[in-house]
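# A look at the structure
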Amino acid sequence: MNVGPFFCTPPPVAGHKQSPPSFSFNLDFSKKKRKKNAQLKSGDPRQAAAAGAELASPHRPLEAQHFGLTLLTHVADCRWDEFDDAGRAALGELAFSLLYPAAGAAGPARPWAARSKAALLMALVAKRRGAAGWPSLAPRLLQAGAGGEAAAAVAPSSLPSPSEAAQAAESTATVLRFVAEDVAAGGSSENDLLLNAGERRALLAALASTLPAALCFLRSSLERHSPPASAAARAAGDQASASAADAARRAALAAALAFAEWAPLGELDAASGLVSAAGSLLTCADDDARLGAADFLRVVVGRKQAQEEPGPYARALSTAGSALASALAALGAGGAAAAAALDAAD
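Residues numbered from 1 in each chain as written. Predicted model: local features only at pLDDT ≥ 70, side-chain atom pairs only at ≥ 80, totals over all residues. Heavy atoms only, no water.

### Comments concerning the pattern of salt bridges
- Evaluated as defined, the whole model comprises 18 salt bridges.
- For R79, the salt bridge goes to E82, with nearest N and O atoms at 2.5 Å.
- Assessed through its relative accessible area of 8%, R79 is described here as buried.
- Take E82: its relative accessible area is 39%, and that puts it in the partly exposed class.
- Between R177 and E181 there is a salt bridge, and its shortest N-O distance comes to 3.1 Å. Taken together, the residues span about one helical turn, with R177 and E181 both in helix α7 (residues 162–185) at a distance of four residues.
- R177 sits in the partly exposed class, given a relative accessible area of 24%. (Salt bridge = Lys/Arg side-chain N within 4 Å of Asp/Glu carboxyl O. Buried < 20%, exposed > 50% of the residue type's maximum accessible area, 1.4 Å probe, protein only. Helix = DSSP H or I, 4+ residues; strand = E, 2+ residues; numbered from the N terminus.)

Okay, structure coming up:
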């Protein structure tokens, strides 16, 4: 498939048998790609954004999508100041459309590598829009991640499939995770978006203003895409929906872990129910969910009381402790039953 001038091979010469590409041609071709890549990153940012948008289309091969999303990430991170307000708004809408394809849209589903790259692009745009843009962007992200129920109520045909809804939830949770990690990491996060101290404080305040809705979304995502939901989809032969639900659950737990580092424990516990939702996963059959939930609760119980209200702090630790005690009891009961079964067999 021809995916643009940077990835296509030269056409065969009429009347001649086409020979396989030589090693020297491959070297020249790689040099041309690197040169073109450098030209796009250093030239007109609008042309770079247009080229990135074309290559990032889900109809393109994965290599082309990855290149296009990498180019757009560079534009958003390093060339943002060269756009006027209209150009920045257009880049934000482009990032949103790449992250959330229209429900039922024709074309192949994006693989995880492309979805995670699109989530990083959206997080970069959120960073560049800053504290002023987050209060309006966050509700759009949360609505899209919830599966578009509000839009479906008006137009039922726009209701996404189970796998599409799970992928949207995964995408929103991944964006929330990247932003939450960056505002709290002080430049040490693996996915650090390179905010300066003032920008980080301002974005942290804006993120805190939408914290209740974000944490409730994560709790709802854990419930909607639970291990029993994955098991039911597999039992029905819908492997795509089951895998998408697994990925959405992992993304929600990863985002919850990022918020657990700094969000008030009262918001994590009583206000959102996220601590209880994670605790319920400690005894599920999915290994990844158990480990993710345990990591989240480990951070919760390790929080210091110095900057917390005594009441919410005590209640959050009690909720987490009860969940851990129940999981240990279940584990002990399971071990005792297994030992009894072995004794009976002997």
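### Quick notes on the packing of α7 against helix α8 (residues 197–209)
- Relative orientation of the contacting elements α7 and α8 amounts to 130°, with a least axis distance of 9 Å. Relative to α8, the element α7 lies oblique. Every pair of crossing elements has a handedness; the one defined by α7 and α8 is left-handed. Note on element contacts: α8 touches α7 through R200, L203, L204 and L207, opposite V179, A180, D182 and V183.
- Residue composition of the contact of α7 with α8, grouped by class: six nonpolar, no polar and two charged. (Axes fitted to C-alpha atoms, helices over the stretch in contact; angles between N-to-C directions. Parallel < 35°, antiparallel > 145°, perpendicular 65-115°, else oblique. Left-handed = near helix turned anticlockwise from the far one by under 90°. Contact = heavy atoms within 4.5 Å. Nonpolar A, V, L, I, M, F, W, Y, C, P; charged D, E, K, R; others polar.)

Any functional reading would require information beyond the geometric quantities listed.
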